[in-house]
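Coordinates in review
Residues per chain are reported as follows:
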Amino acid sequence: MSIDNSVNGTASTTVSNSPFLKAIVQQIRGQDTYGTYRKWSDDLILKPYVVTKQKKREIPIDGEVDPLTKSRIMAFYRAIAACIEKETGLISQVVVDINHEGFGWVLVFSGRLLLVTRTLRDAHRFGFDSLEKVAEEGAKLIDKGVDLVKRFPEVGKL
């Protein structure tokens with residue numbers, strides 16, 4: 001095993017400074033029943049979220065969406081729900097529905113309040129240009145969800 005994926009490897013400052021990126025890592029490790037990611041660094045776990053434009057062009061969109069891509073999408077939105085839950089105290093849930101062509105939608109909700117709604121296109125190519133972009137997008141969605149909970153707290157408690 002290389003030093004890049006050991007537990008003792010240092011996490012990048014991007015991961016260290018972003019509660020959202022830490023939440024993604026926590027979600028992935030929480031779903032890891034076989035302990036595969038136990039010794040991996042946070043950067044290595046988050047590496048599949050960085051997909052350059054060139055790499056996106058190389059990913060074919062015919063056929064089923066890869067199960068690992070689906071789980072990566074689910075971990076991303078579960079991390080958003082967990083961060084919203086931490087800030088508001090309301091339990092948040094995630095629903096992801098992706099068809100075989102890579103189209104679908106994501107809902108993050110609390111009670112009867114929809115905190116995040118997203119339409120997915122080309123789910124085969126889910127990813128961002130950099131970890132900073134992942135953190136920015138997550139923080140933006142978290143802020144919008146927290147704002148909705150603050151504006152409509154009674155709906156979130158139904």
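My aim in this report is to walk through the structure given alongside it, one point at a time. (Residues numbered from 1 in each chain as written. Predicted model: local features only at pLDDT ≥ 70, side-chain atom pairs only at ≥ 80, totals over all residues. Heavy atoms only, no water.)

1. What to know about the overall build of the chain
Note the threshold: For helices the rule is a DSSP run of H or I covering at least 4 residues; for strands it is a run of E covering at least 2, with both sets numbered from the N terminus onward. With C-alpha atoms as the basis for the radius of gyration, the globule rule is written as 2.2 Å multiplied by the number of residues raised to the power 0.38. The contact criterion used is simple: two residues touch if any of their non-hydrogen atoms lie within 4.5 Å. What sets the accessible areas is the Shrake-Rupley method with a 1.4 Å probe; for residues, cover comes only from the shown protein chains. When charges are counted, neither His nor the chain ends are considered; positive counts come from Lys and Arg and negative counts from Asp and Glu. Positions of charges follow a simple convention, taking NZ of Lys, CZ of Arg, CG of Asp or CD of Glu.
Along the backbone of the chain there are seven helices and three strands. In sequence order, the secondary structure elements of the chain are arranged as α-α-α-α-α-β-β-β-α-α. The C-alpha atoms of the chain give a radius of gyration of 16 Å, which matches the 15 Å a tight globule of 158 residues would have. Taking the contacts inside the chain whose residues are at least 6 apart along the sequence as the reference set, 62% of them involve residues at least 24 apart. Total accessible area computed for the chain in this model is approximately 9,500 Å², and 52% of it derives from carbon and sulfur atoms. Across the chain, the centroid of the 23 positively charged side chains sits 2 Å from that of the 20 negatively charged ones.

2. A word on the environment of Met74
Relative to the helices and strands, Met74 is located in helix α5 (residues 67-88). The spacing of Met74 and Ile28 is 46 residues in sequence and 9.4 Å in space, taken between C-alpha atoms. In this view, Met74 contacts Val94 and Val96; residues no more than four positions away in its chain are not counted.

3. A closer look at the layout of surface pockets
Remark: the empty space left among the atoms is shown by a probe the size of a water molecule rolled over them. Quick reminder of the rule: Detection works on a 1 Å grid of protein atoms alone, calling trapped sets that fit a 1.4 Å probe cavities and calling open sets with protein on both sides within 12 Å along at least five of seven lines pockets, with lining residues defined by an atom within 4 Å of a point. Grid points are joined across faces, edges and corners, and a volume is the space filled by probe spheres set on the points. Under the grouping applied here, Gly and all other residues not named as nonpolar or charged are polar, the nonpolar ones being Ala, Val, Leu, Ile, Met, Phe, Trp, Tyr, Cys and Pro and the charged ones Asp, Glu, Lys and Arg.
Considered as a void within the structure, the largest pocket measures approximately 380 Å³ in volume. Elements with a contribution of two residues or more to the lining of the largest pocket: α2 (19-30), α3 (42-46) and α5. Of the residues contributing to the lining of the largest pocket, the split by class is 10 nonpolar, four polar and three charged.

4. Notes on the sheet that holds strand β1 (residues 93-98)
For the record, the criterion: Whether two strands pair comes down to DSSP finding at least two bridges between them. The convention used is that axes are lines fitted to C-alpha atoms, helices contributing only their stretch in contact, and that angles between N-to-C directions extend from 0 to 180 degrees.
Ordered in space as β1-β2-β3, the three strands form an open sheet in which the pairing is antiparallel. Only two strands of the sheet have a single partner each, and these edge strands are β1 and β3 (113-120). Within the sheet, the average angular offset between the axes of one strand and its neighbour, ignoring direction, is 10°. Summarising the sheet, β1 and strand β2 (residues 104-110) pair through six bridges and their orientation is antiparallel. Bridging from a neighbouring strand, Asp97 pairs with Trp105 of β2. Docked against the sheet, α5 engages β1, β2 and β3, running at close to 155° with respect to β1.

5. Here we look at unusual backbone geometry
For Asp122, which is not glycine, the phi dihedral falls at a positive 50°. Take Asp122: it is sitting in the loop between β3 and α6 (131-151).

6. Brief notes about the side chain of Ser92
To keep things clear, this is the line we draw: Three labels apply to residues, based on accessible area from a 1.4 Å probe with only protein chains included: buried if under 20% of the type maximum, exposed if over 50%, partly exposed otherwise in between.
You can see Ser92 is positioned in the loop between α5 and β1. A relative accessible area of 7% means that Ser92 is categorised as buried.

7. Notes on the nonpolar core
This is how it is decided: By convention a nonpolar core is built from buried Ala, Val, Leu, Ile, Met, Phe, Trp, Tyr and Cys residues, the set being connected through side-chain atoms within 4.5 Å.
The biggest cluster of nonpolar side chains holds 41 residues, and the ones touching the most others in it are Phe20, Leu21, Ile24, Tyr49, Phe76, Tyr77 and Ile80. Those elements that place two or more of their residues in this core are α2, α3, α5, β1, β2, β3 and α6. For this core, the element with the highest residue contribution is α5, accounting for 10 residues. Every residue in contact with Ile24, bar those within four places of it in the chain, is listed here: Leu46, Tyr49, Phe76, Ala79 and Val134.

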